[in-house]
Amino acid sequence: MPLPNPFLTRLKEIFPPGSLYTEPADCWVYGYDNSKRQVLPDAVVFPLSHEQALALTRLCNEHRVPLTARGRGTGTTGATVPLRQGVVASFERMERVIEFSADNRYIVVEPGLTNQALQDFVRPHGFFWPPDPTSAAFCSVGGNLAYNSAGPRAVKYGTPRDNTLGLRVVTGAGEELRAGVYTTKGVVGYDLTRLLIGSEGTLALITEATLKLTPLPETKRTLRAVYADVAAAARAIGRIMAQPAVPCALEFIDGNAIEMVRRYSTADLPERAGALLMIEADGFAEAMPPQIESIRAAAQNDGLLEFRIAETAQEVEALWQTRKALSPTLRKIAPKKINEDVVVPVTELPALIGGLDELSRRHGLPIVNFGHAGNGNIHVNLLYDPGKPGEAERAEACLDDIFSLVLRLRGTLSGEHGVGIEKRDFVDRELDATALSLMHAIKRQFDPNGILNWGKGFPEENRLVTSA
Ligand SMILES: Cc1cc2nc3c(=O)[nH]c(=O)nc-3n(C[C@H](O)[C@H](O)[C@H](O)COP(=O)(O)OP(=O)(O)OC[C@H]3O[C@@H](n4cnc5c(N)ncnc54)[C@H](O)[C@@H]3O)c2cc1C
């Protein structure tokens, strides 16, 4: 439905020329994300301030126009696709650092700042912000917060929920709200900061974030452990997590993934390996030898083929380049892939990997696994060719079985990519009816007219109401 004229007139008053697009050719690129789904918004605006975001939300409420927040569109589950069209608010131009305090270990930033720009700002002062998605160079802090996106470092340093002190937001109802604190302790009231983080833009627009910073470690060492089979690697992960030298990365790559990435990698990858673990330890230089020894002892089992410490910067770079090449390489190899980021308790990793192998055989489809093993967070890639009769249906059935397996193992359907559109129809298999009903009530409280990011994160509303 086209935007009503009075709405457009007022929108133009809030957003001067250059900060408002209404031409379809301009708007088109703001209607998609890395899920490859796309819906054309009626208008795209580029807020520069909290006040503009506030005026926009109030206007959308008045006219019941759908409003979707957007960072940089790198999300993989379609959470930023404007299903009901309306207005997309792209925060890419709100990218200022508002305040930095080394002594208090925090930084206050606008949501459009990229993760990389944030790291570049704080690094010379001896700090980093732990969330480190592979997309750091392109994705925004706002997107990281709304998705609770993380990366390898989460195993030691946590996710955005653990590294954010407070937020300034505009609720879907058009109210201003400051959630959280500027301190590292604080228990007054409910924790709205953690509620808003990971809410995928369905409750509020984030206009400012107070982020908790961590001092950069003095040094870091990268280790690799190669195993004859996946089961041996999975056993080692549990033992590594149970010893005192917490790794700052514990990444898992299965044998299929090693073979697949071999020709795109400059790393010296082992032949006939069943699985590889990339492990990093950080801290003071003098603490490194005992840390490495502790990890080496835990990694040892009868399936260990090789344990090596990277000695040069090139070796470290080649290993990380290999790890980061996995996802894009899959796109080159398979006509289509379903990429899930399921999580299970680390002790259940052997059962998960074994179960995935079994499902791969049963459905006759290759499954390639890698991911943040220290968190039990595995990227499960189901490869298929939609051009071959019956493969798409088999892939859907296999995905259903994968989710059942994960939930049986007391896991969760997504560790960092979020629910968006892709997983919303599976959510009620993980959350019980009471939880869903409470969440639905929270949504109504924050966004009574349902203007914000309609159709994301939960089963469709009628199913929600039915299940409550
Ligand atoms: C190559 C690649 C690698 C990736 N690697 C990882 C990884 O290692 N770990 C990981 O967790 N994820 C990864 N991702 C996916 C990840 O979700 C995103 O990269 C990132 O967090 C999204 O940021 P964005 O700025 O692109 O947000 P978008 O995709 O634009 O938006 C994501 C969500 O945030 C909401 N949003 C954005 N800004 C605001 C705001 N100001 N207020 C309220 N809501 C807002 C949107 O409505 C949407 O729901 C990867 C993606 C790609 C393409």
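Residues numbered from 1 in each chain as written. Predicted model: local features only at pLDDT ≥ 70, side-chain atom pairs only at ≥ 80, totals over all residues. Heavy atoms only, no water.

Re the overall build of the protein
Right, so step 1: Across its full length, the protein holds 16 helices and 18 strands.
Right, so step 2: For 468 residues, the compact-globule estimate of 2.2 N^0.38 gives 23 Å, and the C-alpha radius of gyration of the protein, at 23 Å, lies within 12% of that figure.
Right, so step 3: Along the first, second and third principal axes, the C-alpha atoms of the protein reach 70 × 60 × 40 Å.
Right, so step 4: Taken over 468 residues, the protein has a buried fraction of 54%.
Right, so step 5: The long-range fraction of contacts in the protein, counting pairs at least 24 apart against all pairs at least 6 apart in sequence, stands at 73%.
Right, so step 6: Accessible surface, the protein: about 20300 Å² in total, of which carbon and sulfur atoms supply 53%.
Right, so step 7: A distance of 0 Å separates the average location of the 50 positive side-chain charges in the protein from that of its 56 negative side-chain charges. (Helix = DSSP H or I, 4+ residues; strand = E, 2+ residues; numbered from the N terminus. Rg over C-alpha atoms; globule rule 2.2 N^0.38 Å. Buried < 20%, exposed > 50% of the residue type's maximum accessible area, 1.4 Å probe, protein only. Contact = heavy atoms within 4.5 Å. Areas by Shrake-Rupley, 256 points an atom, 1.4 Å probe, with all protein chains shown as cover. Lys, Arg positive; Asp, Glu negative; His and termini not counted. Charge placed at Lys NZ, Arg CZ, Asp CG, Glu CD.)

With respect to the site of the ligand
Right, so step 1: Around the ligand sit 32 residues, and of these Ala69, Thr74, Ser135, Ser149 and Ala150 come closest.
Right, so step 2: Within the backbone of glycine 73, an N or O atom sits 2.7 Å from an oxygen atom of the ligand.
Right, so step 3: Glutamate 200 is positioned such that a nitrogen or oxygen atom in its backbone is 3.1 Å from an oxygen atom of the ligand.
Right, so step 4: The dominant element in the shell around the ligand, judged by the number of residues it contributes, is helix α5 (residues 141–147), at 5 residues.
Right, so step 5: Here the shell around the ligand is built from residues that sort into 12 nonpolar, 16 polar and 4 charged.
Right, so step 6: Counting only domains with at least three residues in the shell around the ligand, you end up with domain 1 (5–92) and domain 2 (97–215). (Near = heavy atom within 4 Å. Polar contact = N/O pair within 3.5 Å; in protein donor to acceptor, adjacent residues only side chain to side chain. Nonpolar A, V, L, I, M, F, W, Y, C, P; charged D, E, K, R; others polar. Domains from an automatic or database assignment.)

As for the domain arrangement of the protein
Right, so step 1: For the protein, the domain assignment lists domain 1 (5–92), domain 2 (97–215), domain 3 (219–324) and domain 4 (334–425).
Right, so step 2: The centre of domain 1, based on its C-alpha atoms, is set 43 Å off from the matching centre of domain 3.

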